[in-house]
Amino acid sequence: MTGSDRTPAPSPDPSTGPSSGARPRVAVVFGGRSSEHGISCVTAGSVLAAIDPTAYDVVAIGIARDGRWVLEQSGGERWSIAAGDASQGQTLLPSVDGARPTVTLTQATSGTDLLVSEASRPPEVLGEVDVVFPVLHGPWGEDGTVQGMLEMAGVRYVGAGVLASAVSMDKAYMKVVLAAAGLPVMPGITITATQWRADAADVRRRVADLQHPVFVKPARGGSSMGVAKVRRADELDAALEGAFEHDPRVLVEVSAQDAREVECGVLQRLDGGVETTRPAEIHVDAAHDFYDFEAKYLPDQATEIDLPADLPADVEEQVRSLSAQAFEAVGCEGLARVDFFVRADGSLIVNEINTMPGFTPTSMFPQMWAASGLDYPALVDRLLQLALTRETGLR
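Described in the following lines is the structure provided in the data block. Since we're looking at a predicted model, the values are computed, not measured. (Residues numbered from 1 in each chain as written. Predicted model: local features only at pLDDT ≥ 70, side-chain atom pairs only at ≥ 80, totals over all residues. Heavy atoms only, no water.)

## Focus: the overall build of the chain
1) Next: Per the secondary structure count, the chain includes eleven helices and 20 strands.
2) Next: Expressed as a percentage of its 395 residues, the buried residues of the chain come to 53%.
3) Next: Carbon together with sulfur atoms contributes 50% to the accessible area of the chain, which is approximately 17200 Å² in total. (Helix = DSSP H or I, 4+ residues; strand = E, 2+ residues; numbered from the N terminus. Buried < 20%, exposed > 50% of the residue type's maximum accessible area, 1.4 Å probe, protein only. Areas by Shrake-Rupley, 256 points an atom, 1.4 Å probe, with all protein chains shown as cover.)

Put into structure tokens, the structure is as follows:
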């Protein structure tokens, strides 16, 4: 990363950015209907705190668990992870308050306006939205659905478009696309809830052909929710039932035994090219079978990160090269985190690509960019500037 890359991007061209000359209005959209609702809220709290209020006019829009869009609070401790019942090892994730005033996007002659509606009061127009920062994780947000809505409304937004979001959200189809681009992926099979209910014995046979251990994971999930490591055949049923609670499509994948877990950040430049970070390696405490939800998000977990990862120079270069290739293969935009397995012989397997990776200051993606010289507020600003200069529609 060069010194010039560490400075905030220039203001958007008036012909493509905000036309009023005022601060660009940013709508941070978070929450959503997926099982990652709470993590999305935590991410939003970090992004809202990082946006410079002298440079942007910020509006916080929460999507309640029932899908209702509401005008939310933009700061405070409301969006942090809280301790629950210590005796039960519980933590409390924040949640969008669906009873707050409803927000809708409405077409106006000059663009797209925010309209706020509240019982017993006339609707209030908050004004035009210049860019949306969707910090949504999981289905109904990270999977191209919200991106499609914003495309239809002609609103600029941060991150990947419809196709890249949809493909990358579905791990089974993501593997197909990456493999077609010549990238190395782990063998696996897709199982639907219908197939499981119709012929469980056949599903068990198909999984046995992969050889244990295997990982069972929701095809369109994230944050390691519903993921289980299955070492023996008698553990499969419970793992599948747990994964089906999150998604009726499940990926069963061969375990990369004794492989190291390495991640790399990708960021688009204003000229359309991409930059990559030095890779980081995750070391999970022995109490965890893998990098699960608790190891990722709870502060008292003994997860260690090597940043940069201790890799031979040629392996690190290959990680960075394959990350850029994966980004291009799915047609990604803005940002992505690409996860790898590094085998003992130095060979690499692409585990997955995340188009909206964990985005709190302690998450891997921002940490990797901070180590490369782009701190969290500057990273947020860079993504907003990228979105403001991006054309709407086909590109």
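## A look at the pattern of salt bridges
1) Next: One pass over the structure, following the stated rule, counts 23 salt bridges.
2) Next: The salt bridge involving Arg249 is made with Asp170; its shortest N-O contact spans 3.0 Å. Of this pair, Arg249 sits in strand E14 (residues 249-254) while Asp170 sits in the loop between helix H3 (162-169) and helix H4 (171-180); the two residues are 79 residues apart in sequence, bridging distant segments of the chain. Each member of the pair, Arg249 together with Asp170, is buried.
3) Next: Glu235 serves as the salt-bridge partner of Arg232, at 3.2 Å between the closest nitrogen and oxygen.
4) Next: Judged by its relative accessible area of 23%, Glu235 falls in the partly exposed class. (Salt bridge = Lys/Arg side-chain N within 4 Å of Asp/Glu carboxyl O.)

## A few points about the sheet that holds strand E11 (residues 188-192)
1) Next: Across the sheet, four strands lie side by side as E11-E14-E12-E13; this open sheet has antiparallel pairing. The two strands at the open ends of the sheet, each matched to only one other strand, are E11 and strand E13 (228-230). Averaged over all pairs of adjacent strands, the angle between their axes in this sheet comes to 25°, without regard to strand direction.
2) Next: Sheet topology places strand E12 (residues 214-218) next to E14; five bridges connect them, and they run antiparallel. Each bridged residue has a counterpart across the sheet, and for Val216 the counterpart in E14 is Val252.
3) Next: Packed onto the sheet, helix H7 (residues 236-244) meets E11, E12, E13 and E14 and runs at close to 25° relative to E12. (Pairing = 2+ DSSP bridges. Axes fitted to C-alpha atoms, helices over the stretch in contact; angles between N-to-C directions. Contact = heavy atoms within 4.5 Å.)

## Topic: the nonpolar core
1) Next: Counting residues in each nonpolar core, the largest one holds 35 residues, and the members touching the most others are Val28, Phe30, Val47, Phe133, Phe359, Val380 and Leu384.
2) Next: Every element with two or more residues in this core is listed here: strand E1 (25-31), helix H1 (37-50), strand E9 (131-134), helix H10 (364-371) and helix H11 (376-389).
3) Next: If you tally residues by element for this core, the top one is H11, at nine residues.
4) Next: Membership of the second largest hydrophobic core comes to 27 residues, among which are Val167, Val319, Ala324 and Cys332. (Core = buried A, V, L, I, M, F, W, Y, C linked by side-chain atoms within 4.5 Å.)

## Considering the packing of aromatic side chains
The description of an aromatic ring pair rests on the distance of the ring centres and on the angle between the ring planes.
1) Next: For the structure shown, the criterion picks out five aromatic pairs.
2) Next: Here the aromatic rings of Phe30 and Trp79 are separated by 4.9 Å at their centres, their planes lie at 75°, and the arrangement is edge-to-face. Here Phe30, found in strand E1, pairs with Trp79, found in the loop between strand E3 (69-71) and strand E4 (82-83); they are 49 residues apart in sequence, far enough to count as distant. By the burial criterion, Phe30 is buried, and Trp79 matches it. (Phe/Tyr/Trp six-rings, centres within 6.5 Å; stacked < 30°, edge-to-face > 60°.)

## Structural notes on the packing of H3 against H4
1) Next: At a closest axis distance of 5 Å, the pairing of H3 and H4 adopts a crossing angle of 110°. Looking at the two axes, H3 sits roughly perpendicular to H4. Across from Val167, Ser168 and Met169 in H3, the residues of H4 making contact are Lys171, Tyr173, Met174 and Val177. (Parallel < 35°, antiparallel > 145°, perpendicular 65-115°, else oblique.)

## Let's talk about the side chain of Asp170
1) Next: Classification of Asp170 by relative accessible area gives buried; the value is 7%.
2) Next: A distance of 3.0 Å separates polar atoms of two side chains, one belonging to Asp170 and the other to Arg249.
3) Next: If near-sequence neighbours (up to four positions away) are discounted, Asp170 is found in contact with Ala219, Arg220 and Arg249. (Polar contact = N/O pair within 3.5 Å; in protein donor to acceptor, adjacent residues only side chain to side chain.)

## Here's the deal with the pairing of E14
1) Next: For E14, the tally of buried residues reaches six of six residues, placing the bulk of the element in the interior.
2) Next: Of the two faces of E14, both are covered, the one formed by Arg249, Leu251 and Glu253 as well as the one formed by Val250, Val252 and Val254.
3) Next: Here E11 runs beside E14; their pairing, made up of five bridges, is antiparallel. Across the sheet, Thr192 pairs through a bridge with Arg249, a residue of E14.

## Some points on the packing of H1 against H11
Helix-helix packing: each pair is described by the crossing angle between the helix axes and the interaxial distance.
1) Next: Taken N-terminus to C-terminus, the directions of H1 and H11 make an angle of 90°; their axes are 9 Å apart at the nearest point. Relative to H11, H1 is oriented roughly perpendicular. Packed against H1, whose contacting residues are Thr43, Ser46, Val47 and Ala50, the element H11 presents Tyr376, Pro377 and Val380 at the interface.
2) Next: A breakdown of the residues in the contact of H1 with H11 according to their chemical character gives five nonpolar, two polar and no charged. (Nonpolar A, V, L, I, M, F, W, Y, C, P; charged D, E, K, R; others polar.)

## Side note on the environment of Ala166
1) Next: Structurally, Ala166 can be placed in helix H3.
2) Next: When residues no more than four places from it in sequence are discounted, the contact partners of Ala166 are Asp143 and Gly144.

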